[in-house]
Amino acid sequence: MSKNIESHLVEERTFQPPAEFSKEARVKSLAAYRKKYAASIADPAAFWGAEAAELSWQKPWDTVLEWKPPFAKWFVGGKLNVSENCLDRHLTGARRNKAAIIWEGEPGEKRTLTYQQLHREVCRFANVLKANGVKTKDRVIIYMPLVPEAAIAMLACARLGAVHSVVFGGFSSESIRDRAEDCEATVVVTADGGYRRGKVVPLKENVDAALAAGADSIKRVIVLKRTGSPVTMQPGRDVYWHDEIEKVSAVSPAKGFDSEHPLFILYTSGSTGKPKGILHTSGGYLTGTYSTSKYIFDLRDSDVYWCTADVGWITGHSYLVYGPLSNGATVLMYEGAPDWPEKDRFWKIIEEYHVTILYTAPTAIRAFIKWGDQHVKKHDLSSLRLLGSVGEPINPEAWMWYHKVIGGERCPIVDTWWQTETGAIMISPLPGATPTKPGTATLPFFGIDAAILDETGKECGPNEGGKLVIRQPWPSMLRSIWGDKARYKDTYWKEYAGGIYLAGDGARRDKEGNFWIVGRLDDVLNVSGHRLGTAEVEGALVSHETVAEAAVVGRPDEIKGQAVVAFVTLKSGYAASEALNKELKGHVAKIIGAIARPDDIRFTAALPKTRSGKIMRRLLKEICAGGVVKGDTTTLEDFSVVASLQQSGNED
Ligand code: 7RM
């Protein structure tokens, strides 16, 4: 072996960042951010117009914004094709042969699709949809495992101007039926199954159950063979992806659609039981996800960017598919669980593919902390240059661990605040330009007029808690709730007059202007007339060395209005005891004040969570109030958690 080759191999073992990684960030300083931000708020149309102009338009727009509160139209008169922007426009240069998607299945299969290959597959599947009766504006349910075909199906819908509604593969047949009925979908795209912790999720079976119970608008089910599990195919209704794809051509012209053409509906839970169909449209949504991906993830051609979200969530739409692909990035997609077959799966993947950007959720980070650093230490994570967090406020302890143990103290952390409704990131640090700080999403993105208002509509002073609002429309904002304009107006625009968007989160700004998100407003307790964020108490609890995770809810209390109940899971190596119970109560009282001292602490093995990691406080509240859990529990990760919590409650 020649010396050259040997030294190359040595280099491979310890990752050498390409020169491109040390390139300066797009925005270079806090001062530069402030200047650009001020200009973008003074003239949002100028900022967003310049961003949108970086995309490919088949017809330029006449007007950047038409705003008749609460209804906005962006890039009015413009025509574009979203899939063309994610695919075709990367095919004219070197990016044509660049990896668009690097995929790993849970059992370990590996696939890479270049932009050229992805384009071809999307065109073919668009023709399959067309051949199966899908027309412009028809709704298509996508109920898939996290395989490249999920993204292919989304992009194929976009190519045809059909409206996708992805239903998360962890949801039940009732959720499929409810959503298909609500949006009157005509086609379902699914798979024979998907893998999760070594088991097959019976996706097709769930679709069959949904269609047996209703959803009569569905005329066709297209089934991808993923696991090879046996499925029942209903003649005249069900067809196989691989059969259909053989019958069609790979030519699918990207027709231009109006900027306001609907792109997708994504259902999300609200304060009532019925999920809201959040409607996003084309030009504005793409501009928002494109621009935020570019500035916040600072994507470069040498990056391997991994967003761990499933396409069933908004993060999977905006930052696994549309944002990174419109930027021509290489996206890593992993189908399975982080602890399968071992608790080091994520770190193994990062090492193997030299992942440079990791975007994940605090709930995952806290699980990693609980599992222990030894799983991380087995792997070389030196390729990482940037970390992201999303989904809930990240507690400073988890932030520090992420920074030190995963980021090796060299990677900035972008704590990104946004919602299904906002479509794109709204508040986040800009890596390399603005400072980061554990626990705060810091500063608003360009063009985002975020503020915190009190009950009367007045802007709060420094460190004064209030309601998070957005005072100007932004391109990726939701356009409505599908089929329910009244609910759209009531939920988001009624609280304050004059076209101010109510996010539903409580927050405060510190003296530097950083936004500290306290949590959902409906998670705020009122204890003896004092407003108390459940997230605050949770933060205090998890700052104790024994606590892995905590969820706090209110229990009706005669004297105080609400009593504070804390559900606590302990780190491995610690056991529940009376003494620890007392100690934790004292710990919270010490950190926040006596008012926050939990009345009850309940130790539990796990907390009930949605698959995106949000703790289902409604369930915990009902358990506390002694009630039987009712309503929609289909988003629960593990039903047994509820059962065991109810039992331990009864034993008290
Ligand atoms: C992206 C997503 C939205 C709600 C939102 C917040 C909470 C999300 C953060 C956060 C604090 C963050 N969409 N949230 N990100 N809270 N810091 N960085 O999660 O529609 O599913 O949820 O999530 O309460 O209102 S979502």
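The following paragraphs examine the structure supplied in this document. Keep in mind that this is a model prediction, so the values were computed, not measured. Counting starts from 1 at the beginning of each chain's written sequence and moves along it residue by residue. Restriction of local features to residues with pLDDT of at least 70 applies here, the model being predicted, together with a cutoff of 80 or more for giving and counting side-chain atom pairs; totals for whole chains, interfaces and linings are based on all residues. Based on all heavy atoms of the structure, the side-chain values leave hydrogens and waters out of the count.

## Some points on the overall build of the protein chain
Only runs of H or I of at least four residues qualify as helices and only runs of E of at least two qualify as strands under DSSP, and these elements are numbered from the N terminus. Looking only at helices and strands, one finds 20 helices and 30 strands in the protein chain. In this setup the radius of gyration rests on C-alpha atoms only. A globule is expected at 2.2 Å times the number of residues raised to 0.38. For 652 residues, the compact-globule estimate of 2.2 N^0.38 gives 26 Å, and the C-alpha radius of gyration of the protein chain, at 24 Å, lies within 12% of that figure. Along the longest, intermediate and shortest principal axes, the C-alpha atoms of the protein chain span 70 × 65 × 60 Å. The buried share of the protein chain, taken over its 652 residues, is 59%. By the convention used here, residues are in contact when the closest approach between their heavy atoms is within 4.5 Å. Contacts spanning at least 24 positions in sequence make up 70% of the contacts within the protein chain whose residues lie at least 6 apart. In the protein chain, 81 side chains carry a positive charge and 79 a negative one; their mean positions are 3 Å apart. Per-residue accessibility, obtained with a 1.4 Å probe over protein chains only, is compared with the maximum for each type, and a residue is labelled buried under 20%, exposed over 50%, and partly exposed between these values. The positive count covers Lys and Arg only, the negative count covers Asp and Glu only, and His and the chain ends enter neither. A charge is said to be at NZ when it belongs to Lys, at CZ for Arg, at CG for Asp and at CD for Glu.

## Some points on the environment of Cys157
Among the structural elements, Cys157 can be located in helix α6 (residues 148–160). Beyond its immediate chain neighbours, meaning those up to four positions away, Cys157 contacts Leu129, Val140, Ile142, Ala162 and His164.

## Quick notes on the site of the ligand
Distances are taken per atom, and a residue is near a molecule or strand as soon as one of its heavy atoms is within 4 Å of it. Surveying the vicinity of the ligand reveals 16 residues, the closest of which are Asp415, Thr416, Gln419, Thr420 and Asp505. Throughout this description, a polar contact denotes any pair of N or O atoms lying within 3.5 Å of each other; where both atoms belong to protein, one of them has to be capable of donating a hydrogen while the other can accept it, and for residues adjacent in sequence the pair is counted only when both atoms sit in side chains. In the environment of the ligand, an oxygen atom lies 2.9 Å from a nitrogen or oxygen atom belonging to the side chain of Asp505. For accessible areas, the Shrake-Rupley method is used with a probe of radius 1.4 Å. Any residue's cover is judged against the shown protein chains and nothing else. In the complex, 91% of the free accessible area of the ligand, which totals 530 Å², lies under the protein chains. Those elements giving two or more residues to the shell around the ligand turn out to be α11 (314–326) and β25 (515–520). Basically, the charged four are Asp, Glu, Lys and Arg, the nonpolar ten are Ala, Val, Leu, Ile, Met, Phe, Trp, Tyr, Cys and Pro, and anything else, Gly included, counts as polar. Its residues assigned to classes, the shell around the ligand shows 6 nonpolar, 5 polar and 5 charged.

## Quick look at the side chain of His280
Here His280 shows up in strand β15 (residues 276–281). For His280, the side chain forms a polar contact with the main-chain oxygen of Ser476, separated by 3.2 Å. Residues contacting His280, with those up to four places away along its chain left out, are Pro262, Leu263, Phe264, Tyr285, Ile314, Thr420, Glu421, Thr422, Gly423, Ser476, Met477 and Leu478.

## Let's talk about the packing of aromatic side chains
In this analysis, rings of Phe, Tyr and Trp, with Trp reduced to its six-membered ring, are considered paired at centre separations within 6.5 Å, and the interplanar angle assigns stacked below 30 degrees, edge-to-face beyond 60, and tilted for intermediate values. Across all of its chains, the model carries 37 aromatic pairs by this definition. Arranged with centres 5.4 Å apart and planes meeting at 35°, the rings of Phe71 and Tyr488 form a pair that is tilted. Of the two residues, Phe71 is situated in strand β2 (residues 71–76) and Tyr488 in helix α16 (residues 485–493); the sequence distance between them amounts to 417 residues. The class for Tyr488 is buried, based on a relative accessible area of 0%. In textbook terms, an aromatic cluster arises when at least three aromatic residues are bridged by ring pairs, as seen for Tyr33, Tyr37, Phe47, Trp48, Tyr295, Phe445 and Phe446.

## Comments concerning the sheet that holds strand β4 (residues 99–104)
Read from one edge of the open sheet, 7 strands run β5-β4-β17-β16-β18-β19-β20, paired in mixed fashion. Two strands in the sheet have a free side with no partner beyond their single neighbour: β5 (110–114) and β20 (413–415). Neighbour-to-neighbour, the strand axes of the sheet open up by a mean angle of 20°, direction not taken into account. Looking at chain direction, strand β19 (residues 386–389) and β20 are connected through 3 bridges and run parallel. Paired with Leu387 across the two strands is Ile413, which belongs to β20. Along the sheet face, α6 touches β4, β5 and β17 (331–334) and points at about 30° away from the line of β5. Whether two strands pair comes down to DSSP finding at least two bridges between them. Inter-axis angles, ranging from 0 to 180 degrees, are taken between N-to-C directions of lines fitted to C-alpha atoms, where helices are fitted over the stretch in contact.

## Side note on the pattern of salt bridges
If charged atoms from side chains of opposite charge come close, those side chains can pair. The term salt bridge refers to a pairing of a side-chain nitrogen on Lys or Arg with a carboxyl oxygen on Asp or Glu at a separation within 4 Å. All chains considered together, the criterion is met by 42 salt bridges. Among the salt bridges present, the one from Arg471 reaches Glu459, with a minimum N-O distance of 3.0 Å. One end of the pair, Arg471, is in the loop between β22 (466–470) and β23 (480–481); the other, Glu459, is in the loop between β21 (450–453) and β22, and 12 residues separate them in sequence. The exposure class of Arg471 is partly exposed, given its relative accessible area of 27%. Here Lys467 makes a salt bridge to Glu495, at a shortest N to O gap of 2.5 Å. Residue Lys467 is located in strand β22, and its partner Glu495 is located in the loop between α16 and β24 (501–509); the two are separated by 28 residues in the primary sequence.

## A short note on the nonpolar core
As a rule of thumb, nonpolar side chains are buried together in soluble globular proteins. For the purposes of this section, nonpolar cores are sets of buried Ala, Val, Leu, Ile, Met, Phe, Trp, Tyr and Cys residues that join through side-chain atoms within 4.5 Å. Ranked by size, the top nonpolar core spans 137 residues in total, and within it Leu118, Phe125, Val189, Phe297, Tyr322 and Leu468 carry the most contacts. The element that contributes the greatest number of residues to this core is α6, accounting for 10 residues. With 30 residues, the next largest nonpolar core counts Trp306, Leu381, Leu384 and Ile394 among its residues.

## Regarding the packing of helix α3 (residues 44–52) against helix α10 (residues 283–296)
It is the contact of α3 with α10, at a shortest axis distance of 9 Å, that shows an interaxial angle of 85°. Our classification of the angle between α3 and α10 gives roughly perpendicular. Facing α3, whose interface residues are Phe47, Trp48, Glu51 and Ala52, α10 presents Thr287, Gly288, Tyr290, Ser291, Lys294 and Tyr295. For the contact of α3 with α10, the per-class residue count stands at 5 nonpolar, 3 polar and 2 charged. For classification purposes, an angle smaller than 35 degrees is called roughly parallel, one larger than 145 roughly antiparallel, one from 65 to 115 roughly perpendicular, and anything else oblique.

## Overview of the environment of Thr416
If you trace the backbone, Thr416 turns up in the loop between β20 and β21. You can call Thr416 buried: its relative accessible area is 3%. Residues Thr416 and Ala441, spaced 25 residues apart in sequence, show a C-alpha to C-alpha distance of 5.7 Å. Not counting residues within four places of it along the chain, the set of residues in contact with Thr416 comprises Ile296, Tyr359, Ser389, Val390, Ile425, Ile427 and Ser428. At 2.6 Å, the side chain of Thr416 and the side chain of Tyr359 are in polar contact.

## What about the sheet that holds β21?
Read from one edge of the open sheet, 4 strands run β21-β22-β24-β25, paired in antiparallel fashion. Taken across any chain shown, the strands that pair with only one partner, and hence form the sheet edges, are β21 and β25. The sheet shows a mean angle of 45° between the axes of neighbouring strands, direction not considered. Pairing analysis gives 4 bridges linking β21 to β22, with the strands arranged antiparallel. Paired with Ile452 across the strands is Leu468, a residue of β22.

## Some points on the pairing of β5
As defined by bridge partners, β4 adjoins β5 across 5 bridges and the pair is classed as antiparallel. By the bridge assignment for β5, Ala99 is matched with Thr114. Where β4 hands over to β5, the hairpin turn is made up of 5 residues, of which Gly108 adopts a positive phi near 115°.

## Some words on unusual backbone geometry
The peptide bond linking Pro69 to Pro70 adopts the cis configuration, its omega dihedral lying at 0°. Structurally, Pro70 is set in the loop between β1 (63–68) and β2. Its identity as a non-glycine residue notwithstanding, Arg197 has a phi of 50°, on the positive side. Here Arg197 lies in the loop between β9 (194–196) and β10 (199–201). Positive phi, normally seen in glycine, also occurs at Glu409, with a value near 60°. Assignment of secondary structure puts Glu409 in the loop between α15 (396–406) and β20. For Glu409, a relative accessible area of 54% corresponds to the exposed category.

So yeah, pure geometry; function would need other evidence.
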